[in-house]
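Here is how the chains run, residue by residue.
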Amino acid sequence: MNKWYIEKGDQGDVVLSTRIRLARNLEAYPFPGRLDVQSKKKVCAEIRDAALSDGSNTFRWIDMASLTPSQAVSLAERHLISPEFTTDREGRALLLTEDESVSIMLCEEDHIRLQVMQAGLALERAYDIADKIDTMLDQRLQYAFDERIGYLTQCPTNLGTAMRASVMLHLPALDATGRISSLAATVSKLGLVIRGAYGEGSSARGSIYQISNQITLGITEQAAIDNLRAITLQIVSQERAAQEQLLKSEAEIDKIWRARGVLSSARLLSADEFMTLVSLVRMGAARQIFNLSLEKLNELIVRMQPATINAASGQNLPPAKRDAIRAEAVRTALLTQGDDTQ
Amino acid sequence: MLCQNCGKREATTHIKRVVNGETSESHLCAECAASLGYADVFSGFGMSFGDLLGGFLSDTAAPQTQIASGNRCGKCGSSWNDIVRAGKVGCADCYRTFYDRLVPTLQRIHGRIRHTGKTSGSAGTHAPVREKTEEELREEKIEMLKKKMSEAVAEQDFETAAKLRDEIRALEA
Ligand SMILES: [Zn+2]
Ligand SMILES: [Zn+2]
């Protein structure tokens, strides 16, 4: 079965993926912050039994404590779990569908963090899938809910719908022209937040950003999604215009071809260099300077993250070895692509 | 102790700021605390939601929080000060116990304090759970008996099937 991230998506030149996350808790137990490992295991088992009793989704059960650190971090690099979930893994578990589009973190900040990922801009579809699973779980478990303030969550910032909808965007041209910070200021006034999807702090590796709704109380799921979609579409058209403008310059086009040249022939590629170059190449593909499949580039970005390379190799590789493996995988990917597009 | 910001008024608020595991502490007067945005205990949450660690929590010595500090959540035992100190709510019942004190915080984080989204079907005591009517219960029973009857027929257990048929007739009458 194809992983969700190699599917072709709507607005795929700029939008990599869509994610819906719902937080839920069981009424009968204190929130995870007040549970010991034994009780966390009990909560995990209860939710697992509820999830597996419905035949329509086949989940793989992963005891987080059984993973190596690389395997755990790799799940975070693929955005299947939060970075926080890779630490302190005792008493935590993950339910994951085969195509990795649905993952349920158990005993993260809340008892249940249900997440649905879809390629491209697909907020409605992702929400629909999440909503159905949520309703199924709701029929089998007693959720912590209050009619006044909605789904009760460990942190009051998530009360209400307890839904975070987010869209992952590739914004190389807005980044190159220094317009991300003003964009961030604008969207924050609209109840949204934008931040780098890879790496910490403000520097977004590969110019990949995530935009999501900030407010969850007093707004319906539909309104939050509509708001996010409308603003995402505006950013998408701004980014496209900025790319067109940028690529009027011969020097910029040259940069893109050179980036492709390095990726196609390098023998060592660090994660940082790879992200910088693949971002340029992806912009070239998005504006059809050359024919490269965006989906394959998206997949490459996911596969080439450090812990994911370690996890795939089954061992903890020294960085130099990892850089060699990365360079080879990237060369192979670009080479095989050249064949079917030229 | 004097306020560490203005150095004039008496410090009444003790601010504990935790960012990525680093704790810094300061003592402020009420005015400075308010003007620096520390007046609200959860004001840090708006910035720290999701994957970001950190945010600040204030442990106030202000009279208003002293009064009710004896109150504890009946289910998990958290006091208001425990919640403030941890920056986390203990359990679902904490929200009900400390609802009135949380409202200003919620107002500040979300702008609104009334949930308008999806509702939980299995919602606890606060949700309007409608009792099933006599009629609905009777129909459910008939449904169940009919299912049992067709199972009995399929197994060629006609004696049981006949008994079930009589029961159904009696209910439908
Ligand atoms: Zn002062
Ligand atoms: Zn409690």
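Cut-off values and rules
Residues numbered from 1 in each chain as written. Chains lettered and ligands numbered in written order. Predicted model: local features only at pLDDT ≥ 70, side-chain atom pairs only at ≥ 80, totals over all residues. Heavy atoms only, no water. Helix = DSSP H or I, 4+ residues; strand = E, 2+ residues; numbered from the N terminus. Buried < 20%, exposed > 50% of the residue type's maximum accessible area, 1.4 Å probe, protein only. Contact = heavy atoms within 4.5 Å. Pairing = 2+ DSSP bridges. Axes fitted to C-alpha atoms, helices over the stretch in contact; angles between N-to-C directions. Phe/Tyr/Trp six-rings, centres within 6.5 Å; stacked < 30°, edge-to-face > 60°. Donors = N, O, S within 2.8 Å, 3.2 Å for Na, K, Ca; no water. Tetrahedral: all angles 85-135°; square planar, octahedral: opposite > 155°, others 65-115°. Buried area = accessible area lost by both parts, 1.4 Å probe. Salt bridge = Lys/Arg side-chain N within 4 Å of Asp/Glu carboxyl O. Polar contact = N/O pair within 3.5 Å; in protein donor to acceptor, adjacent residues only side chain to side chain. Domains from an automatic or database assignment. Nonpolar A, V, L, I, M, F, W, Y, C, P; charged D, E, K, R; others polar.

(A) How the structure looks around the overall build of chain B. Scanning chain B from N- to C-terminus turns up eight helices and three strands. Counting helices and strands in the order they occur from the N terminus, chain B gives β-β-α-α-β-α-α-α-α-α-α. Considering chain B as a whole, with its 173 residues, one finds that 38% of them fall into the buried category. Across chain B, the fraction of contacts at a sequence separation of at least 24, relative to all contacts at a separation of at least 6, is 38%.

(B) Structural context of the sheet that holds strand β10 (residues 208–213) of chain A. All names here are of chain A. Overall, antiparallel pairing links the eight strands, which are arranged β2-β3-β4-β5-β1-β8-β10-β9 in an open sheet. Of all the strands in the sheet, just β2 (59–63) and β9 (192–196) have a single pairing partner and so form its edges. Strand-to-strand twist of the sheet, defined as the mean angle between neighbouring strand axes without regard to direction, takes the value 20°. For strand β1 (residues 15–24) and strand β8 (residues 163–170), the ladder comprises seven bridges, and the chain directions are antiparallel. Residue pairing across strands places Leu22 opposite Met163, the latter belonging to β8. Across the sheet, helix α3 (residues 123–140) lies against β1, β2, β4 (102–106), β5 (112–119) and β8, angled at about 150° from β5, the strand it touches most.

(C) Focus on the packing of aromatic side chains. For the structure on display, the rule yields five aromatic pairs over all chains. The interplanar angle of 65° and the centroid separation of 6.3 Å between the aromatic rings of Phe31(A) and Tyr95(B) together place this pair among those described as edge-to-face. In this pair, Phe31(A) sits in the loop between β1 and α1 (37–52) while Tyr95(B) sits in helix α5 (residues 92–97), so the two residues belong to two different chains. According to the relative accessible area criterion, Tyr95(B) is buried, its value standing at 1%. Between Tyr143(A) and Tyr151(A), the aromatic rings sit 6.2 Å apart at their centres with planes inclined by 80°, giving edge-to-face as the arrangement. Judged by relative accessible area, which is 1%, Tyr143(A) ranks as buried. With relative accessibility at 1%, the residue Tyr151(A) sits in the buried group.

(D) Representation of the coordination of the zinc ion (ligand 2). Residues and elements named next belong to chain B. Protein coordination at the zinc ion (ligand 2): the donors are Cys73 (SG), Cys76 (SG), Cys91 (SG) and Cys94 (SG), at 2.3 to 2.4 Å from the metal. Coordination at the zinc ion (ligand 2) is tetrahedral, judged from the four donor atoms that bind it and the angles of 98 to 121° they form at the metal. Donor residues for the zinc ion (ligand 2) sit on one chain with the sequence pattern C-x2-C-x14-C-x2-C. The same class applies to Cys91 and to Cys94, which are both buried.

(E) Looking closely at the interface of chain B and chain A. In this assembly, 39 residues from chain B lie in contact with 47 residues from chain A. Buried area between chain B and chain A, summed over both chains or domains, comes out near 3800 Å², and the portion from carbon and sulfur atoms is 54%. At the junction of chain B and chain A, the tally comes to six salt bridges. The shortest N-O distance in the salt bridge between Asp131(A) and Lys118(B) comes to 2.5 Å. At the junction of chain B with chain A, the criterion picks out 23 residue pairs in polar contact (both at pLDDT 80 or more). Among the secondary structure elements, those contributing two or more residues to the side of chain B that touches chain A are α2 (45–48), α5 and α6 (99–110) of chain B.

(F) Representation of the domain arrangement of chain A in the model. Residue and element names in this part refer to chain A. Examined at the domain level, chain A breaks down into domain 1 (4–242) and domain 2 (250–335). The C-alpha-based centres of domain 1 and domain 2 are spaced at 26 Å. Contacts between domain 1 and domain 2 engage 24 residues on the former and 21 residues on the latter. Taken over both partners, the interface formed by domain 1 and domain 2 buries close to 2000 Å², and the fraction arising from carbon and sulfur atoms is 59%. The tally of links from domain 1 across to domain 2 stands at two salt bridges. Where domain 1 packs against domain 2, one counts ten residue pairs in polar contact (both at pLDDT 80 or more). Only α2 (69–77) and α4 (172–176) provide two or more residues apiece to the side of domain 1 that touches domain 2. The biggest single contributor to the side of domain 1 that touches domain 2 is α2, with five residues. Broken down by class, the residue content of the side of domain 1 that touches domain 2 amounts to nine nonpolar, eight polar and seven charged.

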